[in-house]
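# Coordinate analysis (summary)
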Amino acid sequence: MLEKTINYKELLKREGIKNTKHRTAILEILEESDSPKTAEQIFMSLKDKTSSIDMSTVYRTLDTFASKNLVIKSNRVDDGKALYEFNHHEHKHHLLCVGCHKLILIEDCPIGELQQMLKRKIDFDITGHKLEIYGYCHDCKNFKMASAHDGEDV
Ligand SMILES: [Zn+2]
Ligand SMILES: [Zn+2]
């Protein structure tokens, strides 16, 4: 078994947020997920764990977490829906499939070298960046090609 390194109660306490069952549950869902989730997805996972929660509580909690930097809030490229992910304070990027909304984690950051170059060239201290890469995943690409082919036959 992997040792649990994150103590949610401690984390909330450190940020001055009162520890409630719902708050720790939301943190836990986000922390265990390897890709960002929408509030609705979090709400659905919560309903499995605890029955007495409503959507507005989820939104409110997520906004509190985002304001404390416990979670990172971003907007999905294609429909602008808010996505939330646990802030692991580590650097990573995702590929977003605009067909099925799947997020694929990429380990490498292609921006690092560019940052160094910019720092040298224009003396600009970069503190962070966002990179969004989107397109069609393997499954959706095959589906698209299959349906395009159907069209040709008509
Ligand atoms: Zn896809
Ligand atoms: Zn990066």
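Per chain, residues are indexed from 1 in the order of the written sequence. Each chain gets a letter, beginning with A, and each ligand a number, beginning with 1, in the order they are written. The predicted nature of this model means local features are confined to residues of pLDDT at least 70 and side-chain atom pairs, given and counted, to a pLDDT of 80 or more, with totals for whole chains, interfaces and linings taken over all residues. Heavy atoms from the whole structure form the basis of all side-chain values; hydrogens and water molecules are not counted.

Moving on: the packing of helix α2 (residues 21-32) against helix α4 (residues 55-67). For helices, the fitted axis covers only the stretch in contact; all axes are lines through C-alpha atoms, and the angles between them, taken along N-to-C directions, range from 0 to 180 degrees. Put simply, DSSP marks the helices as runs of H or I at least four residues long and the strands as runs of E at least two long, and each gets a number from the N terminus on. Here α2 crosses α4 at 70°, and the two axes come no closer than 11 Å. One element, α2, and the other, α4, form an angle in the roughly perpendicular class. For the pair α2 and α4, the crossing hand works out as right-handed. Two secondary-structure elements touch here, α2 through Arg23, Ile26, Leu27 and Leu30 and α4 through Val58, Thr61, Leu62 and Phe65. Residues that form the contact of α2 with α4 fall into these classes: six nonpolar, one polar and one charged. When an angle is under 35 degrees it counts as roughly parallel; over 145 it counts as roughly antiparallel; between 65 and 115 it counts as roughly perpendicular; any other value is oblique. Whether a crossing is left-handed or right-handed is set by the direction in which the near helix is turned from the far one by less than a right angle, anticlockwise for left-handed and clockwise for right-handed. In what follows, residue pairs with any heavy atoms lying within 4.5 Å of each other are defined as contacts. In the scheme used here, Gly and all other residues not listed as nonpolar or charged are polar, with Ala, Val, Leu, Ile, Met, Phe, Trp, Tyr, Cys and Pro taken as nonpolar and Asp, Glu, Lys and Arg as charged.

UniProt positions are given in the numbering used here, feature names are shortened, and annotations may be inferred rather than shown by experiment. The feature "binding site: Fe cation" (unreviewed entry), as annotated in UniProt, sits at His91 and His129 in this numbering. Taken along the chain, the residues just named run across 39 residues; in space they keep tight, none of their C-alpha pairs more than 9.8 Å apart. Of the annotated set, the members that line the largest pocket are His91 and His129. Looking at where His91 falls in the secondary structure, it is placed in the loop between β2 (82-86) and β3 (93-97). Under the scheme applied here, a residue whose accessible area is under 20% of the maximum for its type counts as buried, over 50% as exposed, and between as partly exposed, the area being computed with a 1.4 Å probe on protein chains only. On the basis of relative accessible area, His91 is assigned to the partly exposed category, the value being 46%. Cavities and pockets were defined on a 1 Å grid built over protein atoms only: a cavity is a set of grid points that admits a 1.4 Å probe from which the probe cannot escape, a pocket is an open set flanked by protein on both sides within 12 Å along at least five of seven lines, and lining residues are those with an atom within 4 Å of any such point.

Metal donors: N, O and S atoms at distances within 2.8 Å, or within 3.2 Å for Na, K and Ca, with water omitted from the atom set so that some sites may seem incomplete. Coordination of the zinc ion (ligand 1) by the protein is provided by Cys97 (SG), Cys100 (SG), Cys137 (SG) and Cys140 (SG), with metal-donor distances spanning 2.2 to 2.3 Å. A four-donor site is called tetrahedral if each angle lies between 85 and 135 degrees; a four-donor site is square planar, and a six-donor site octahedral, when trans pairs exceed 155 degrees and the remaining angles lie between 65 and 115; all other cases are labelled irregular. Around the zinc ion (ligand 1), the four donor atoms are arranged such that angles at the metal cover 103 to 116°; this shape is classified as tetrahedral. One chain supplies every donor to the zinc ion (ligand 1), and in sequence these donors are spaced C-x2-C-x36-C-x2-C. Of this pair, Cys97 sits in strand β3 while Cys137 is found in the loop between β5 (132-135) and α6 (138-153), placing the two residues 40 residues apart along the sequence.

This part is about the domain arrangement of the protein chain. For every domain, the bounds stem from an assignment made automatically or drawn from a database. As far as domains go, the protein chain holds domain 1 (1-90) and domain 2 (91-154). Each partner contributes to the interface: domain 1 provides 14 residues, whereas domain 2 provides ten residues. Here domain 1 and domain 2 share an interface that buries about 980 Å² over both sides, 58% of which is from carbon and sulfur atoms. Considering only the surface of domain 1 that becomes buried against domain 2, Val77, Asp78 and Glu90 emerge as the three largest contributors, covering 46% of it. Any carboxyl oxygen of Asp or Glu that lies within 4 Å of a side-chain nitrogen of Lys or Arg is treated as forming a salt bridge with it. Where domain 1 touches domain 2, the interface holds zero salt bridges. When contributions to the side of domain 1 that touches domain 2 are tallied by element, the ones reaching two or more residues are β1 (71-75) and β2. By definition, the buried area sums, over both parts, the 1.4 Å-probe accessible area that each loses when the two are put together.

Let's shift gears to the pattern of salt bridges. For the coordinates displayed, the defined rule picks out five salt bridges. As a salt-bridge pair, Glu40 and Lys81 come within 3.6 Å of each other at their nearest N and O atoms. One end of the pair, Glu40, is in helix α3 (residues 39-49); the other, Lys81, is in the loop between β1 and β2, and 41 residues separate them in sequence. Classification of Glu40 by relative accessible area gives partly exposed; the value is 31%. Residue classification places Lys81 among the partly exposed residues on the basis of a relative accessible area of 33%. Where Asp125 meets Lys119, a salt bridge forms, and the shortest distance between an N and an O atom there is 2.7 Å.

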